[in-house]
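# Summary of the model geometry
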Amino acid sequence: MRTTATIYMLTGISIGTIMVTSSNSWMLAWLGLELNSFAILPLISKTKHPRSIEAATKYFLTQSTASCLILFASTINAWQTGTWTITQMPDKLPSTLMLIALTMKMGAAPMHLWLPEVMQGTTLLTSLLISTWQKIAPMVLIFTTSNHLPSNITLMMGLLSTYLGGWGGMNQTHLRKMMAFSSIANMGWTLMTLTSEPKVSMINIMTYMLLTTPTFILLAQTSTKTLQDMTTMWTTSPTSSITLTFLLLSMAGLPPLTGFMPKLLILNELISQNMTAISIATTMASLLSLIFYLRISYLTSLLNTPSSSTSTTKWRQNMNNLKMTQMAPTAVMSTTALPTLYP
């Protein structure tokens, strides 16, 4: 019964995203976003814990507020232009309101405070959905309207997201909150070139999803939730420890891993647009994120010497083969795709 309900919820999430990506009207896109938001609420609260109920409530209130802003902005735009078409939004007021609403749905600063709390209150796999799949629909709408968005506000929100994501993740011991602040920082990188070169922003967000998927699957398979759990991963599963280390370093943007490629493209685009000061500030902000990525990597693979486990571990003996086969190709692409994507 629980499996059937989960399939229904995942189907609703998929249908909502497909409605948004294939729509040309704001009303249909709004309906798809609403279906997407309501379908994931049972998945967030399915653990029957007060913290998960709190997370579902915060998610519902935030998404409802963003949906009201989207409906308000699209109504103003329809009143001014006489059409509900997504690509026609010439006025600054509805385009600014739409940018604020869509970034609130994705968890970019300064409307980001809900994301760490929601991801901390739910399971790792549901957190994976929130940080990857749930971003597709609002990102498609942002890319569609990117030529009408105010560039100064977009740059300010992007720079603020990179700094707040880095500062927020440095003081965390729970991995889900750490990954939430990592998502906020990555959204900042995506917003930096949204108005000047949307294709680079698309590459960045898709690369982030490619990196995040095997990371969350590994954490879920090893039941790793805190930094203290990371210290014992090497003795129980050396392969998972090494793979997770490379994934984290790739998310930090260290060459020659895959995560370095979109950051290099974004910095190159900023410099070509004569925004050298902003590119330097963004590079400095990435050092904040690098600190907690290196912190996790140090605890995972460098703190303890290689040794064999002296006791059997339940999760090590019963690995989910389906999830591991899903993780393998994404893990390989996350660490070795740079030479093929950016020669």
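What you see is a predicted model, and the numbers here were worked out from it, not measured in a lab. (Residues numbered from 1 in each chain as written. Predicted model: local features only at pLDDT ≥ 70, side-chain atom pairs only at ≥ 80, totals over all residues. Heavy atoms only, no water.)

### Brief notes about the overall build of the protein chain
The helix and strand tally for the protein chain stands at 18 helices and zero strands. Counting all 343 residues of the protein chain, 54% fall into the buried class. Look at the contacts in the protein chain between residues 6 or more apart in sequence, and 76% of them connect residues 24 or more apart. (Helix = DSSP H or I, 4+ residues; strand = E, 2+ residues; numbered from the N terminus. Buried < 20%, exposed > 50% of the residue type's maximum accessible area, 1.4 Å probe, protein only. Contact = heavy atoms within 4.5 Å.)

### Let's talk about helix H14 (residues 260-272)
Helix length check: H14, at 13 residues, gives a terminal C-alpha distance of 18 Å against a target of 18 Å (1.5 Å per residue), a fit within 8%. Turning to H14, its buried residues are Met261, Pro262, Lys263, Leu265, Ile266, Leu267, Glu269 and Leu270. Taken from the residues just after H14, Asn274 is the one with a positive phi, measuring 60°. (Expected span 1.5 Å × (residues − 1).)

### Describing the confidence of the model for the protein chain
Detailed reading of predicted coordinates is not advised where the pLDDT is low. Across the protein chain, the average pLDDT comes to 86, with 87% of residues at 70 or higher. Per-residue pLDDT stays below 50 along residues 308-318; that stretch engages in 12 contacts with residues further than four places along the chain or on separate chains. (pLDDT = per-residue confidence, 0-100.)

### Some words on the packing of aromatic side chains
The final tally for this structure, using the stated rule, is three aromatic pairs. Ring plane angle 55° and centroid distance 5.9 Å describe the contact between Phe38 and Phe60, whose orientation is recorded as tilted. Placement of Phe38 in helix H2 (residues 26-44) and of Phe60 in helix H3 (residues 50-81) is noted, with a sequence separation of 22 residues between them. The exposure class assigned to Phe38 is partly exposed, which follows from its relative accessible area of 45%. Relative accessible area serves as the criterion here: at 34%, Phe60 is assigned to the partly exposed category. Measuring from centroid to centroid gives 4.8 Å for Phe292 and Tyr293, while their planes differ by 40°, and the two rings are tilted. Side by side, Phe292 and Tyr293 carry an identical accessibility label, which is buried. Cation over ring: Lys263 sits above Trp189, and NZ or CZ is 5.3 Å from the ring centre. (Phe/Tyr/Trp six-rings, centres within 6.5 Å; stacked < 30°, edge-to-face > 60°. Lys NZ or Arg CZ within 6 Å of the ring centre and 35° of its normal.)

### Regarding unusual backbone geometry
Here the amide bond leading from Ala109 into Pro110 is cis, since omega sits at 5°, within 30 degrees of zero. Inspection of the secondary structure puts Pro110 in the loop between helix H4 (92-106) and helix H5 (114-120). Cis rather than trans, the peptide bond between Pro255 and Pro256 has omega equal to 5°. Topologically, Pro256 is positioned in the loop between helix H13 (238-252) and H14. With phi around 55°, Ser223 is a residue other than glycine that occupies positive phi space.

### Description of the pattern of salt bridges
For the coordinates displayed, the defined rule picks out three salt bridges. Residues Lys177 and Glu117 are paired through a salt bridge, measuring 3.5 Å at the closest nitrogen-oxygen approach. In this pair, Lys177 is assigned in helix H9 (residues 175-192) and Glu117 in helix H5, connecting sequence segments 60 residues apart. When its relative accessible area of 28% is taken as the criterion, Glu117 is described as partly exposed. Ionic contacts of the salt-bridge type, sharing partners, join the residues Glu54, Lys58, Glu117 and Lys177 into one network. (Salt bridge = Lys/Arg side-chain N within 4 Å of Asp/Glu carboxyl O.)

### Quick look at the UniProt feature "transmembrane region" (unreviewed entry) in the protein chain
Those residues carrying the UniProt feature "transmembrane region" (unreviewed entry) are residues 56-76, 96-115, 149-166, 202-220, 232-254 and 274-294 in this numbering. Taken end to end, residues 149-166 has its terminal C-alpha atoms 25 Å apart, with 89% of it in helix and 0% in strand. Between the C-alpha atoms that bound residues 202-220 the distance is 27 Å, and the span itself is 100% helix and 0% strand. (UniProt positions renumbered as here; feature names shortened; annotations may be inferred.)

### Details of the nonpolar core
Ranked by internal contacts, the top residues of the largest apolar core, which has 42 residues, are Ile40, Ile44 and Met230. Residue-level mapping places this core at the junction of two domains, with at least three residues from each of domain 1 (1-122) and domain 2 (150-342). Ala66, Ile76, Met98 and Ala101 belong to the second largest nonpolar core, which has 31 residues in total. (Core = buried A, V, L, I, M, F, W, Y, C linked by side-chain atoms within 4.5 Å. Domains from an automatic or database assignment.)

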